[in-house]
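Chains, contacts and geometry: an overview
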Amino acid sequence: MATFVLIPGMCHGGWSFGELTEQLRADGHRVHPVTLTGISERSHLLHSTVNLETHIQDVTGVLAAEDIQDAVLVGHSYGGMVITAVADRMPERVDSLAYLDAVVPANGDSCWALVSDQERRWYLDVVENGYGVRPLPFFDARATPHPLASLLQPLQLTSDLAHIRRRVYVYAAGWDGESPFTPFYHRLRADPAWTTYALDSRHNLMRDAPKDLLKILREVVEPH
């Protein structure tokens, strides 16, 4: 059995993995859906200094406290920034990485640098205190502002993650209009070190393609 650590995208908490968490646990896996600092039930912790490093520490703290040795890190959207960094910081505790329609950063990248101008315009729609980016109107009603500094801070990496047993990218091909994640998918599907999938789904794969996503994550933990 595997241990999954699930990292949500912008403005979302661990609740966004609710159905997936139940299904993976029913398979017998350990599952830790994480809510990052400043969001959802942790929104009272949102302040100007909550950044990408804070979110990385959220997850490395879970791996250490729960004594997780062979984590399958799953990152949706912005969560790709976090799981990349955690695998770099704690290589001995990470077995596989699964990016769900997510950014895949290199050393020195920020989320701001990796997305389209349309996404950047959204990032500039901040709440009154300037600390957080407003959820988009079509998000789940439980969505809360996302820490702006986490999108601007460049990521510092020390390795190329070649030590990771499996790296998987799941692309949502059903966007209305241009997807900001298409360049990642096109690059990675040509890389033999990656396994890529394209699902006929909108960005929220956990909600819109739950059966396909569950099948893929089951395959991630199979012997390779």
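Our subject is the structure listed above.
In this report, we go over the structure that sits alongside the text.

Glancing now at the side chain of T37. Here T37 shows up in the loop between β2 (30-33) and α2 (52-65). Residue contacts for T37: discarding those within four places in its chain leaves R42, L45, V50, T54, H55, D58 and P147.

So, on to the environment of H76. Among the secondary structure elements, H76 is positioned in strand β3 (residues 71-76). We classify H76 as buried; its relative accessible area is 7%. Dropping the residues within four chain positions of it, H76 is found in contact with I7, P8, G9, F17, L100, A102, H203, N204, L205 and M206.

A sheet is described by the order of its strands in space; here six strands give the open sequence β2-β1-β3-β4-β7-β8, paired in parallel fashion. Both outer strands of the open sheet, β2 and β8 (195-199), are each paired with one neighbouring strand and no more. Pairs of neighbouring strands in the sheet enclose a mean axial angle of 15 degrees, with direction left out of account. Judged from the five bridges that link them, strand β7 (residues 166-172) and β8 form a sheet pairing that is parallel. Looking at the pairing, V170 lines up with Y197 of β8. Along the sheet, helix α1 (residues 18-26) contacts β1 (3-7) and β2; its crossing angle with β2, the most-contacted strand, is approximately 165 degrees.

The set of residues buried in helix α7 (residues 182-189) consists of T182, F184, Y185 and L188. Viewed along the axis of α7, the buried residues span an arc of 160 degrees, placing them on a single side of the element. Packed against the buried residues of α7 are α4 (111-114), β7 and β8.

With that out of the way, let us pick up unusual backbone geometry. The general pattern is negative phi for most residues beyond glycine and trans for most peptide bonds. Of note in the backbone geometry, D101 takes a positive phi value of approximately 45 degrees without being a glycine. With respect to the secondary-structure elements, D101 resides in the loop between β4 (94-100) and α4. On the basis of relative accessibility, which here comes to 0%, the residue D101 falls in the buried class. Of note, L161 is a non-glycine position whose phi angle comes to about 65 degrees, a positive value. Topologically, L161 is positioned in the loop between α6 (149-152) and β7.

About the cut-offs
Residues numbered from 1 in each chain as written. Predicted model: local features only at pLDDT ≥ 70, side-chain atom pairs only at ≥ 80, totals over all residues. Heavy atoms only, no water. Helix = DSSP H or I, 4+ residues; strand = E, 2+ residues; numbered from the N terminus. Contact = heavy atoms within 4.5 Å. Buried < 20%, exposed > 50% of the residue type's maximum accessible area, 1.4 Å probe, protein only. Pairing = 2+ DSSP bridges. Axes fitted to C-alpha atoms, helices over the stretch in contact; angles between N-to-C directions. Arc of directions from axis to C-beta.

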